[in-house]
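What follows is the residue order along each chain.
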Amino acid sequence: MTAISLRLPDSLHKIARELADGEGISMNQFITLALAEKVSALATQSYLEQRAARGDHAKFEAAMARVADVEPPDERDRL
């Protein structure tokens, strides 16, 4: 495990401390969870961008053309 020294503005530290206390966890655990959440969000964005770049509009249209045209929609599909 790696230790880091982190400088935070007093206002951010105060809010983080209050949130950590409210969750019943340590500041270390709170900051670790917050960082993990951000890393996950960025990794997901990157993954989705890569998937979108591989997309093929013609294949999408071909797949959609195979979908049955049913009217009205099934009761389970209604909003």
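Residues numbered from 1 in each chain as written. Predicted model: local features only at pLDDT ≥ 70, side-chain atom pairs only at ≥ 80, totals over all residues. Heavy atoms only, no water.

### Notes on the overall build of the protein
In terms of regular secondary structure, the protein is built from three helices and zero strands. When the elements of the protein are put in sequence order from the N terminus, they spell out α-α-α. Relative to the compact-globule value of 12 Å for 79 residues, the protein shows a C-alpha radius of gyration of 23 Å, a clear excess of over 25%. Taken over the C-alpha atoms alone, the protein extends approximately 60 × 35 × 25 Å along its principal axes. The 79 residues of the protein split such that 5% are buried. (Helix = DSSP H or I, 4+ residues; strand = E, 2+ residues; numbered from the N terminus. Rg over C-alpha atoms; globule rule 2.2 N^0.38 Å. Buried < 20%, exposed > 50% of the residue type's maximum accessible area, 1.4 Å probe, protein only.)

### Some remarks on helix 1 (residues 10–23)
The end-to-end C-alpha separation of helix 1 is 20 Å, in line with the 20 Å expected for 14 residues at 1.5 Å each. Once helix 1 finishes, glycine 24 follows within two positions and takes phi at roughly 75°, a positive value. (Expected span 1.5 Å × (residues − 1).)

### Thoughts on the pattern of salt bridges
Counted under the stated rule, the structure contains three salt bridges. Here aspartate 74 makes a salt bridge to arginine 76, at a shortest N to O gap of 3.1 Å. For aspartate 74, a relative accessible area of 35% corresponds to the partly exposed category. (Salt bridge = Lys/Arg side-chain N within 4 Å of Asp/Glu carboxyl O.)

### Considering the confidence of the model for the protein
Averaged over the protein, the pLDDT score is 93; the fraction of residues at 70 or greater is 100%. No element of the protein has a lower mean pLDDT than helix 3 (residues 57–65), which averages 94, and none a higher one than helix 1, which averages 97. (pLDDT = per-residue confidence, 0-100.)

### Considerations on a nonpolar patch on the surface
A surface patch of nonpolar side chains, amounting to about 300 Å² of accessible area, comprises Ile4, Leu6 and Ile31. Here isoleucine 4 is to be found in the segment before helix 1. (Patch = residues over 30% accessible without salt bridge, like charges linked within 9 Å, V, L, I, M, F, W, Y side chains within 5 Å. Areas by Shrake-Rupley, 256 points an atom, 1.4 Å probe, with all protein chains shown as cover.)

### Some words on the environment of valine 39
Relative to the elements of secondary structure, valine 39 occurs in helix 2 (residues 27–53). Residue valine 39 is classed as partly exposed on the basis of its relative accessible area, which comes to 47%.

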